[in-house]
Structures are given as C-alpha cells and as structure tokens.
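# Survey of secondary and tertiary structure
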Amino acid sequence: DVFFILDASSSIWVEDYRKTLDFVSQVITRFDISDADTRIGALSFSDDYTIGFDLDRYRTKGEVLASIDERTLPYKTGVTNTDVAIRYVRENFAFREDITKVMIVITDGGSRSPGATEREADLARDKGFHMVVVGV
C-alpha cells in the first residue's frame, strides 16, 4: 500500500506542482494495481490537507492515473503543515496489516513545524511505515 503526500503550499510554484503530478503518474505506471497487489492513495496539503483518494477507492491503474490531476489533488497555497498530512496517513485504517506500508512525501522540505514533522515521521516508522521523501 502506497500513499502519496504532495506539498501544495505557496513555497511550491504551481508549475512545479504540475510537474509533481506528472512525476507521481510516472511512478504509478510502475506498479501492478489491484486489491490483491498495490493499492494507491494520495492527498495534497498546505495549511490542511485534501484527500484526493484513499487506498480503497480505485482498483485499477487506469482509475488511479485518471485521478492524478488538480481537480482531485488541488494546488492549495498556504503554509507547509507536513506533520498534519503525515499524521492523517499514519492513522489511516485503510492500510492492510499484512502488506508493506509506504508513504511518499514530495515536498520542498520547508515544514512550518519541523519538530512536529519529525515526531510524526518517527511515529509512522514505529508503526511500520517505510518513508520516502522526494525533494522538489
């Protein structure tokens, strides 16, 4: 189970956010997506988060790829509350227990609350999540 966490704050230019969406689509093409294989979730965040779709929403690669756009994952502006987004994903009950859990955070790294973000990442790792951070 893989959950993408996309920084959509003011520190990311909208053109670069669109490149992030393209990157996410390219990564998704590499997965076998189904209920029995990889499931994908995604959200965009700034002051708060917008859930684009949860892990149990789409069952095919085509459905997931069709949802990687600014309607589903809006560019938001505002500050970078990375900790709030990580907490939502960490507490998400849609993750399967017997499957590898991965968070892919795509950000410029400028969290508004670095200490809280570090704590949330540590809690996620303690809960068995693999954390991948992509800098933009």
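Structure report, in brief. (Residues numbered from 1 in each chain as written. Predicted model: local features only at pLDDT ≥ 70, side-chain atom pairs only at ≥ 80, totals over all residues. Heavy atoms only, no water.)

### Observations concerning the packing of aromatic side chains
If you walk through the whole model with that rule in mind, you get six aromatic pairs. Residues phenylalanine 3 and tyrosine 88 carry aromatic rings whose centres are separated by 6.3 Å and whose planes lie at 70 degrees to one another, so their mutual orientation is edge-to-face. Taken together, the residues span a long stretch of sequence, with phenylalanine 3 in strand S1 (residues 2-7) and tyrosine 88 in helix H3 (residues 82-90) at a distance of 85 residues. No difference in accessibility class separates phenylalanine 3 from tyrosine 88, as the two residues are buried. (Phe/Tyr/Trp six-rings, centres within 6.5 Å; stacked < 30°, edge-to-face > 60°. Helix = DSSP H or I, 4+ residues; strand = E, 2+ residues; numbered from the N terminus. Buried < 20%, exposed > 50% of the residue type's maximum accessible area, 1.4 Å probe, protein only.)

### What to know about the sheet that holds strand S4 (residues 101-107)
Across the sheet, which stays open at both edges, the five strands sit in the order S3-S2-S1-S4-S5 with mixed pairing between neighbours. Of all the strands in the sheet, just strand S3 (49-53) and strand S5 (129-135) have a single pairing partner and so form its edges. Sheet twist, expressed as the average angle between the axes of neighbouring strands with direction ignored, equals 20 degrees. Direction of pairing for S1 relative to strand S2 (residues 40-45): parallel, over a ladder of six bridges. Its bridge partner being in S2, valine 2 is matched across the sheet by isoleucine 40. Helix H4 (residues 114-126) contacts S4 and S5 of the sheet and is inclined by roughly 140 degrees relative to S5. (Pairing = 2+ DSSP bridges. Axes fitted to C-alpha atoms, helices over the stretch in contact; angles between N-to-C directions. Contact = heavy atoms within 4.5 Å.)

### Quick notes on the pairing of S2
Most of S2 is tucked away, with six of its six residues classed as buried. Here S2 shows two buried faces, one formed by Ile40, Ala42 and Ser44 and the other by Gly41, Leu43 and Phe45. The β-α-β motif built from S1, the intervening helix H1 (residues 14-28) and the parallel element S2 has right-handed crossover chirality. In terms of strand pairing, S2 meets S3 through four bridges, oriented antiparallel. Residue pairing for S3: phenylalanine 45 is matched across the bridge by tyrosine 49. Counting the residues that bridge the hairpin from S2 to S3 gives three residues. (Right-handed = clockwise from strand over helix to strand, strands pointing away.)

### Some remarks on the side chain of arginine 90
With respect to the helices and strands, the residue arginine 90 is situated in helix H3. Given the relative accessible area of 12%, arginine 90 is considered buried. When near neighbours in sequence (up to four residues on either side) are disregarded, arginine 90 contacts Met103, Glu120, Leu123, Ala124, Lys127 and Phe129.

### Points about the pattern of salt bridges
Evaluation of the coordinates by the stated rule reveals twelve salt bridges. With a shortest N-O distance of 3.0 Å, arginine 39 and aspartate 1 are connected by a salt bridge. With arginine 39 in the loop between H1 and S2 and aspartate 1 in the segment before S1, the pair connects residues that are 38 residues apart, well separated along the chain. Accessibility classification places arginine 39 together with aspartate 1 in one group, the buried group. A salt bridge links aspartate 83 to arginine 87, with the shortest nitrogen-to-oxygen separation between them at 3.8 Å. (Salt bridge = Lys/Arg side-chain N within 4 Å of Asp/Glu carboxyl O.)

### Thoughts on the packing of H3 against H4
Remark: H3 packs on H4, axes separated minimally by 8 Å, with the N-to-C direction vectors making an angle of 15 degrees. As judged from the angle between their axes, H3 and H4 are roughly parallel. Crossing geometry of H3 relative to H4 is assigned as left-handed. For the pair formed by H3 and H4, the contact residues are Thr82, Asp83, Ile86, Arg87 and Arg90 on the first element and Ala116, Thr117, Glu120, Ala121, Leu123 and Ala124 on the second. Along the lines of polarity and charge, the residues of the contact of H3 with H4 split into five nonpolar, two polar and four charged. (Parallel < 35°, antiparallel > 145°, perpendicular 65-115°, else oblique. Left-handed = near helix turned anticlockwise from the far one by under 90°. Nonpolar A, V, L, I, M, F, W, Y, C, P; charged D, E, K, R; others polar.)

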